[in-house]
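Chain by chain, the residues run as shown.
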Amino acid sequence: MGWTDTTSHAETEDTANYLSRRRKPKRPRSVRWILVAGTVVVLAAAAVYFVFFRAYDNGPRPVEVDGQNVQHIDGFQVHAKTFVSRSQAAAFLKRIGDEKTLVSTTTKSFRGQSYIRAAGLVEALNRSGDKTRFSKGKFTVKLKTGQHYSYDLKGNQIRQQEVRVNGKLAARFLDVYHNEAPYIPAQTAAHILSQAGLKSSWDGRQMHISLTKAPQLTPVPKSSYDKVIAFGQGSAIYVPSYAWRSIDYIPLYSLDTVLHQLGLDASVSSWRWNVSSGNGSTIAAVAKASSGAGDTGIAADSNSNSNPSGTVHPLNLTTHRHRQVLAFVPFYSGNTADFKDALGYHSSYNALAEDIWTIDASGDLTGAAPAGTTVQASSAGYSVYAMITNLTTKGFSATEMTAVLSNSVNRTRLHNQLLKLVQSKDYAGVMLDFESIPPSNEAAYSRFVSSLAAALHAEGKRLEVAVPALTGASQSGLNGAYNLAKIGQAADEVVVMAYDYSYFGGPAGPIAPIPWVQQVLAYTISEIPSSKVVLGLDAYGYDWSGKHTTAVSLKNVSSFVKKRHIQPQWNKSAEAPWFQWTDSKGNVHTVYYENGKSTSAKLDLASTYGAGGVAVWRAGLEDNAVLNALAKYK
């Protein structure tokens, strides 16, 4: 028999396990240290990246120019260094006219965009003469003399204006040149006026200038004109507003008009809005004196906008200044009766426009005033204007206007002949009445007006331009060629023909209803300083019967009403007289016309809106009541 192992099975298994463990190699101590060191290096690298290289504090950096926050520039920080968007920095430099100052500087790429050191932008600005610093994440820039912040955006020009009150800098703000006319944030305007001593507020629809407790406002039935500047008892002007970036903007020229109504001197230039009391006293003192009973606070009831009389009453606080009251005098009928009438009404008129000249497609003038009339009127103290139209036997000719405006030779010919005309006669200047101009000629017509105005001014002459009655910038048809802002900038006066709302050959109705005239004035003075605006008035009537219309003089209307014992009616909303009569054939006639009361209502509007005067179409059609109203206005 063989050898027998007496060791237990359990012992054998434990021994095997022990020997197995003894055979596994032990990990060297150096490897463990390498792993620890690697971990430390990774953590250290992460810490270094976090502290020195990681972009953090991402976000816009505000830019303050001359004390006003104007924009932001995207940026981020790497440790203690700030980087800003290179493209936005270049755009900012362009907005202040320093686009060439940004030279090569340290750049970083971040999220696919190029960034430069904020210090590089500061250096570029200081190198060009602007005092600039970057502190606490904000750029503070003080522009050098004569430099301004502006840029174009979606057809508008954003421009930095400064306000000077009595010669001292009061504020700066960004306005919007919309349709080439300046618009100011309404809330900003109210704040500026309050800072200047006129307590003002803006409630989103009305600006209250506190001279009375509750201004009574005349409603205008058009929502786009439901923005109001209220001043004085029962006095207000209505303005078109413009919403830009969810902020209400109102025309700066309209606000200017209100300040003139309050007896203050105000003017708007390219970069500055000047406001002064005109006599060295403070604006606050003028406001208190103007209110009659002292400053009684801002009107609290924004809904007190009803006026039972339906009439806007002018405040009449301005120092009386010369107002032009012009009569259009047609000579194309071949007689001088209308001229003699106008010359006999010196108490009502102080200017005449001799309507006799027309143009042809080559730019040649046709016509001549009756001998001696110009000298006679000038000697009598009238300002006399040579009036030129594009009227033909078939009406106002769009074809001839296009032929002249689209051809440089024809434009120059007309330009030179107009200069020659007023140089050789005793004229104050030229009156242009070009109508039915195609919208495609808008730019050419604006340039022609600007060129002619400059040439006339060099000769000591003036330019007046007649334009259609517009209630907004978007015009259709043959009213689309009149850029009021450009025409108003060049011309000395702009005559807005606020009549023929109901027109010859159309349906019967008021010829110049007051709400519409108000809308026309509101829009016109938003584009043109009110002192340059001349309100065109009608002094005639229309007799409508079926498809037939007859123009009638006010003298004939008066005699007709008296002869037939007609009791005229009064259209309260339009503020216009009218009546009906039946002829021998049984045809019903509707007659709308003007009288002393309706004319006075329009003259009140001209006063309220600060118009530079009025122009009457035409001499020889008025009656004594209208002439008396003009005499009081003049």
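Residues numbered from 1 in each chain as written. Predicted model: local features only at pLDDT ≥ 70, side-chain atom pairs only at ≥ 80, totals over all residues. Heavy atoms only, no water.

Outline the pairing of strand S10 (residues 168-178), listing residues and values.
Pairing of strand S9 (residues 156-165) with S10, which is carried by nine bridges, proceeds in the antiparallel orientation. Across the sheet, the residue bridging to Arg-164 is Leu-169, located in S10. Linkage of S9 to S10, two consecutive antiparallel strands, is achieved through a turn of two residues, within which Asn-166 is found at a positive phi near 50°. As paired strands, S10 and strand S11 (residues 181-185) are joined by three bridges and run antiparallel to one another. Bridging from a neighbouring strand, Tyr-177 pairs with Pro-182 of S11. (Pairing = 2+ DSSP bridges. Helix = DSSP H or I, 4+ residues; strand = E, 2+ residues; numbered from the N terminus.)

Help me get a handle on the pairing of strand S31 (residues 548-553), residues and values and all.
Bridging between strand S30 (residues 540-545) and S31 involves six bridges; their strand directions are antiparallel. Across the sheet, Tyr-542 pairs through a bridge with Ala-551, a residue of S31. The loop that links S30 with its antiparallel partner S31 comprises two residues; one of these, Gly-546, has a positive phi angle of about 60°.

Report on helix H5 (residues 186-195), specifying residues and quantitative values.
Turning to H5, its buried residues number three or more, namely Ala-186, Ala-189, Ala-190, Ile-192 and Leu-193. The arc enclosing the buried residues of H5, seen along the axis, measures out at 165°, which places them on a common side. Remark: Gly-197 follows H5 within two positions and exhibits a positive phi of approximately 115°. (Buried < 20%, exposed > 50% of the residue type's maximum accessible area, 1.4 Å probe, protein only. Arc of directions from axis to C-beta.)

Requested: an account of the packing of aromatic side chains, with residues and values cited.
According to the stated counting rule, one finds 23 aromatic pairs in the structure shown. Ring plane angle 80° and centroid distance 5.9 Å describe the contact between Phe-110 and Tyr-115, whose orientation is recorded as edge-to-face. Using a relative accessible area of 9% as the deciding quantity, one classes Tyr-115 as buried. A ring pair is formed by Phe-560 and Trp-581, whose centres lie 5.0 Å apart and whose planes are at 65°; its orientation type is edge-to-face. Placement of the pair is Phe-560 in helix H15 (residues 554-564) and Trp-581 in strand S33 (residues 576-582), with a sequence separation of 21 residues. Taken together, the ring pairs connect Tyr-499, Phe-504, Tyr-540, Tyr-542 and Trp-544 into an aromatic cluster. Over the aromatic face of Tyr-177 sits the side chain of Arg-159, whose NZ or CZ is 4.5 Å from the ring centroid. The lysine or arginine in question, Arg-159, covers the ring of Trp-271, its NZ or CZ lying 4.3 Å from the ring centre. (Phe/Tyr/Trp six-rings, centres within 6.5 Å; stacked < 30°, edge-to-face > 60°. Lys NZ or Arg CZ within 6 Å of the ring centre and 35° of its normal.)

If you had to explain the environment of Leu-452 to someone new, which residues and values would you point to?
Here Leu-452 is to be found in helix H12 (residues 442-458). Using a relative accessible area of 0% as the deciding quantity, one classes Leu-452 as buried. Each C-alpha atom of the pair Leu-452 and Arg-462 lies 9.7 Å from the other, and the pair is ten residues apart in sequence. The contact partners of Leu-452, leaving out residues within four places of it in the chain, are His-415, Leu-418, Leu-432 and Leu-463. (Contact = heavy atoms within 4.5 Å.)

Pulling in residues and values, what's your account of the layout of surface pockets?
Once rolled over the atoms, a probe with the size of a water molecule shows which space is left empty. Counted as a void, the largest pocket has a volume near 870 Å³. For the largest pocket, the lining is made up of 30 residues, of which Glu-435, Tyr-499, Asp-500, Tyr-540 and Tyr-542 are closest to its centre. The set of elements that each furnish at least two residues to the lining of the largest pocket consists of strand S23 (383-389), strand S27 (462-468), S30 and S31. Of the residues in the lining of the largest pocket, the class split is 22 nonpolar, three polar and five charged. Approximately 390 Å³ is the volume attributed to the second largest pocket. Around the second largest pocket, the lining is made up of 19 residues, and of these Tyr-177, Glu-180, Tyr-253, Ala-485 and Gln-489 lie nearest the centre. (1 Å grid on protein atoms, 1.4 Å probe; cavity = no way out; pocket = protein on both sides within 12 Å on 5 of 7 lines; lining within 4 Å. Points joined across faces, edges and corners; volume = space filled by probe spheres on them. Nonpolar A, V, L, I, M, F, W, Y, C, P; charged D, E, K, R; others polar.)

So what about unusual backbone geometry? Which residues, and what values?
Trp-617 connects to Arg-618 through a cis peptide bond whose omega is 0°. Here Arg-618 is to be found in the loop between strand S35 (613-617) and helix H17 (624-633). One non-glycine residue with positive phi stands out, namely Glu-180, at about 65°. Looking at where Glu-180 falls in the secondary structure, it is placed in the loop between S10 and S11.

Kindly report on the nonpolar core, identifying the contributing residues and their values.
Counting 122 residues, the largest nonpolar core has Trp-273, Ile-388, Leu-432, Phe-434 and Tyr-445 as its most contacted members. Residues Val-63, Ile-96, Val-122 and Leu-143 belong to the second largest nonpolar core, which totals 29 residues. (Core = buried A, V, L, I, M, F, W, Y, C linked by side-chain atoms within 4.5 Å.)

Outline the sheet that holds S30, supporting the account with residue identities and numerical values.
The five strands lie next to each other as S31-S30-S34-S33-S32, forming an open sheet whose pairing is antiparallel. Two strands close off the open sheet at either side, each with one partner strand: S31 and strand S32 (569-571). Taking each pair of neighbouring strands and ignoring which way they run, the sheet shows an average axis angle of 25°. (Axes fitted to C-alpha atoms, helices over the stretch in contact; angles between N-to-C directions.)

Talk me through the environment of Arg-117; I want residue IDs and the actual numbers.
Here Arg-117 shows up in strand S5 (residues 113-117). The spatial distance from the C-alpha of Arg-117 to the C-alpha of Thr-106 is 6.2 Å, given a sequence separation of eleven residues. Sequence-distant contacts of Arg-117, that is, excluding residues within four places in its chain, are made with Lys-81, Thr-82, Phe-83 and Thr-106.

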